[in-house]
Amino acid sequence: AGIQLKMGAAEFVVGNRAYLLLEAYSIDGLQKAIDSVGPFGTVLVESGMHYESGTVTATHPVRIIGEPGAVIQSTTAPDAEFPYVGAPALYLNG
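Reading the values: rules and limits
- Residues numbered from 1 in each chain as written.
- Predicted model: local features only at pLDDT ≥ 70, side-chain atom pairs only at ≥ 80, totals over all residues.
- Heavy atoms only, no water.
- Helix = DSSP H or I, 4+ residues; strand = E, 2+ residues; numbered from the N terminus.
- Buried < 20%, exposed > 50% of the residue type's maximum accessible area, 1.4 Å probe, protein only.
- Contact = heavy atoms within 4.5 Å.
- Areas by Shrake-Rupley, 256 points an atom, 1.4 Å probe, with all protein chains shown as cover.
- Core = buried A, V, L, I, M, F, W, Y, C linked by side-chain atoms within 4.5 Å.
- Lys, Arg positive; Asp, Glu negative; His and termini not counted.
- Salt bridge = Lys/Arg side-chain N within 4 Å of Asp/Glu carboxyl O.
- Polar contact = N/O pair within 3.5 Å; in protein donor to acceptor, adjacent residues only side chain to side chain.
- Arc of directions from axis to C-beta.
- Pairing = 2+ DSSP bridges.
- Right-handed = clockwise from strand over helix to strand, strands pointing away.

## What about the overall build of the chain?
Reasoning step 1: Broken down by element type, the chain carries one helix and seven strands.
Reasoning step 2: Shown N-terminal to C-terminal, the secondary structure of the chain runs as helices and strands in the order β-β-β-α-β-β-β-β.
Reasoning step 3: Among the 94 residues that make up the chain, the fraction classed as buried is 24%.
Reasoning step 4: Partitioning the intrachain contacts of the chain with sequence separation of at least 6 by distance along the chain shows that 31% fall at a separation of at least 24.
Reasoning step 5: Carbon and sulfur atoms make up 57% of the accessible area of the chain, which amounts to about 6,600 Å² in all.

So, in structure tokens, the structure goes:
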């Protein structure tokens, strides 16, 4: 499959799970990245600023991993207590 550029991000497929690099200085790219990788995919948020102007919702299990120095700045008010920390999950393979 190789590397493809899509929506300002590099997209890879590892096994049957998608992996997408959200490049630094992205604008409203996180939702597109989550939707693009699909269930159990991984979004790697590159070090640097990322800007989101709307609500980001994950409707399927997805891994979002930030490189050291990755910052997501949002202009929306949170619905829950801030900062919101998602509960960790345990995944067993094999």
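Past the structure itself, the notes keep going.
## As for the nonpolar core
Reasoning step 1: If you look at the biggest cluster of nonpolar residues, it comprises nine residues: A18, L20, L22, L30, A33, I34, V37, V43 and V45.
Reasoning step 2: In terms of residue count, helix α1 (residues 30–37) provides more of this core than any other element does, four residues in total.
Reasoning step 3: Not counting residues within four places of it along the chain, the set of residues in contact with I34 comprises V43, V56, T57, A58, H60, V62 and I64.

## Topic: the side chain of E52
Reasoning step 1: Summarising the element assignment, E52 is placed in strand β5 (residues 48–52).
Reasoning step 2: Look at E52: it is buried, it has no salt bridge, and the nearest opposite charge is K32 at 8.4 Å.
Reasoning step 3: From its side chain, E52 meets the backbone nitrogen of L30 in a polar contact 3.0 Å long.

## Examining α1
Note on helix geometry: an α-helix contains 3.6 residues per turn, so any two residues three or four positions apart are oriented the same way.
Reasoning step 1: Residues L30, A33, I34 and V37 constitute the buried set of α1. Projected onto a plane normal to the axis of α1, the buried residues spread over an arc of 100 degrees and lie on a single side.
Reasoning step 2: For α1, the secondary structure elements touched by its buried residues are β3 (17–22), β4 (41–45), β5, β6 (62–66) and β7 (70–74).
Reasoning step 3: G38 sits one or two positions beyond α1 and adopts a positive phi of about 75 degrees.

## Some points on the side chain of T42
Reasoning step 1: Inspection of the secondary structure assignment puts T42 in strand β4.
Reasoning step 2: Leaving out residues up to four positions away in the same chain, T42 has contacts with A18, Y19, L20, V37, R63 and I65.

## Quick look at the pairing of β4
Reasoning step 1: With five of five residues buried, β4 is to be regarded as a mostly interior element.
Reasoning step 2: As paired strands, β3 and β4 are joined by four bridges and run parallel to one another. Pairing of Y19 across the sheet is with T42, part of β4.
Reasoning step 3: Traced from β3 through α1 to β4, the parallel crossover comes out right-handed.
Reasoning step 4: Pairing of β4 with β6, which is carried by five bridges, proceeds in the parallel orientation.

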